[in-house]
Amino acid sequence: MSFVVWITGPSGAGKTTLANALHEKLEEMGYTAEVLDGDGIRSKLYPDLGFSREEREMHNKVVVHFAETLARNGVIAIVSVIAPYRSSREYARKEIKNFMEVYLKCPVDVRIKRDPKGLYNKALKGELKELTGLDGVYEEPENPELVLHTHRMSVEEEVEAVIRKAKEMGFL
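What comes next concerns the included structure. (Residues numbered from 1 in each chain as written. Predicted model: local features only at pLDDT ≥ 70, side-chain atom pairs only at ≥ 80, totals over all residues. Heavy atoms only, no water.)

## What about the nonpolar core?
At step 1: If you look at the biggest cluster of nonpolar residues, it comprises 23 residues, and the most contacted ones within it are Ile7, Leu18, Leu22, Ile78, Val102, Leu148 and Val162.
At step 2: Listing elements by their share of this core, those giving two or more residues are β1 (4–8), α1 (15–28), β3 (76–80), β4 (99–105), β5 (146–149) and α7 (155–168).
At step 3: Among the elements that make up this core, the one with the highest residue count is α7 (five residues).
At step 4: In contact with Ile78, other than residues within four places in its own chain, are Val5, Ile7, Ala19, Leu22, His23, Leu26, Ala33, Glu34, Val35 and Leu36.
At step 5: Judged by nonpolar contacts, the second largest core, of 17 residues, contains Trp6, Tyr46, Val79 and Ala92. (Core = buried A, V, L, I, M, F, W, Y, C linked by side-chain atoms within 4.5 Å. Buried < 20%, exposed > 50% of the residue type's maximum accessible area, 1.4 Å probe, protein only. Helix = DSSP H or I, 4+ residues; strand = E, 2+ residues; numbered from the N terminus. Contact = heavy atoms within 4.5 Å.)

## Some remarks on the sheet that holds β4
What holds strands together in a sheet is hydrogen bonding between their backbones, with the strands either parallel or antiparallel.
At step 1: Spatially, β2-β3-β1-β4-β5 is the arrangement adopted by the five strands of the open sheet, whose pairing is parallel. The two strands at the open ends of the sheet, each matched to only one other strand, are β2 (33–37) and β5. Within the sheet, the average angular offset between the axes of one strand and its neighbour, ignoring direction, is 20°.
At step 2: Relative to β3, β1 is paired through four bridges, and the arrangement is parallel. Note on β3: the bridge partner recorded for Val5 is Ile78.
At step 3: Along the sheet, helix α2 (residues 38–45) makes contact with β2 and β3, crossing β2 at roughly 70°. (Pairing = 2+ DSSP bridges. Axes fitted to C-alpha atoms, helices over the stretch in contact; angles between N-to-C directions.)

## Let's talk about the layout of surface pockets
At step 1: By volume, the largest pocket is sized at about 670 Å³.
At step 2: For the largest pocket, the lining is made up of 33 residues, of which Ser11, Asp39, Ile82, Lys117 and Leu119 are closest to its centre.
At step 3: Looking at the lining of the largest pocket, the elements with two or more residues in it are α1, α2, α3 (53–72) and α7.
At step 4: The dominant element in the lining of the largest pocket, judged by the number of residues it contributes, is α1, at four residues.
At step 5: Classifying every residue of the lining of the largest pocket by side-chain character gives twelve nonpolar, eleven polar and ten charged. (1 Å grid on protein atoms, 1.4 Å probe; cavity = no way out; pocket = protein on both sides within 12 Å on 5 of 7 lines; lining within 4 Å. Points joined across faces, edges and corners; volume = space filled by probe spheres on them. Nonpolar A, V, L, I, M, F, W, Y, C, P; charged D, E, K, R; others polar.)

## Concerning the environment of Arg93
At step 1: Along the chain, Arg93 turns up in helix α4 (residues 86–95).
At step 2: Placed 87 residues apart in sequence, Arg93 and Trp6 show a C-alpha to C-alpha distance of 9.1 Å.
At step 3: Sequence-distant contacts of Arg93, defined by excluding residues within four places in its chain, comprise Phe99, Glu101, Asn143, Pro144 and Glu145.
At step 4: Side-chain polar atoms of Arg93 contact the side chain of Glu145, separated by 2.7 Å. (Polar contact = N/O pair within 3.5 Å; in protein donor to acceptor, adjacent residues only side chain to side chain.)

## Topic: the packing of α2 against α3
At step 1: Between α2 and α3, whose axes approach to 11 Å, the crossing angle comes to 105°. Considered as vectors, α2 and α3 are oriented roughly perpendicular to each other. Residues Gly38, Ile41, Arg42 and Leu45 of α2 form the contact with α3, whose participating residues are Arg56, His59, Val62, Val63 and Phe66. (Parallel < 35°, antiparallel > 145°, perpendicular 65-115°, else oblique.)

## Concerning the side chain of Ser2
At step 1: Inspection of the secondary structure assignment puts Ser2 in the segment before β1.
At step 2: Looking at Ser2, its side chain comes within polar contact range of the main-chain nitrogen of Val75, at 3.1 Å.
At step 3: Ignoring sequence-local partners within four residues, the contact set of Ser2 consists of Ala71, Gly74, Val75, Ile76 and Asn98.

## Section: α2
At step 1: Of all the positions in α2, only Gly38, Gly40, Ile41 and Arg42 are classed as buried.
At step 2: Buried-residue contacts for α2 involve β2, α3 and β3.
At step 3: In this structure Asp37 caps α2, since a side-chain oxygen of it lies 3.3 Å from the backbone nitrogen of Asp39.

This is how it looks when you write it as structure tokens:
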């Protein structure tokens, strides 16, 4: 059965790291899976798109469409996207039949230390305004299927937790 793993959380929470590790594990297990990385899709399809609420919601709708299409065609879609608004995540849940929301919860001080893209550094210097999870909006999920505290877990433990939950939900 195909499904969508929707990994959400602020910048630096570990979304891309988990998505790539989960992809590798699912492929090892014999499943066909694809990673849909929000930043990658944005940079390839519409690099000039801004970050207003409307632009973010439009971007998330595109990702939802890709994920639903993959899942409908037998591919496990692993989505790695901030999706800061609950309304966007609820839209995904409504549109995608077999859906698992995974919220990566990580304290801001840890995300600042990780800072894989240098965004927190820029924001703290005043060069970037409204960084999601710092001074920008991130509406925490209210009822995700899984919450992972990425500052307390190894990537392997995170992957195992997602696999375990997918089995519980009857997806694997």
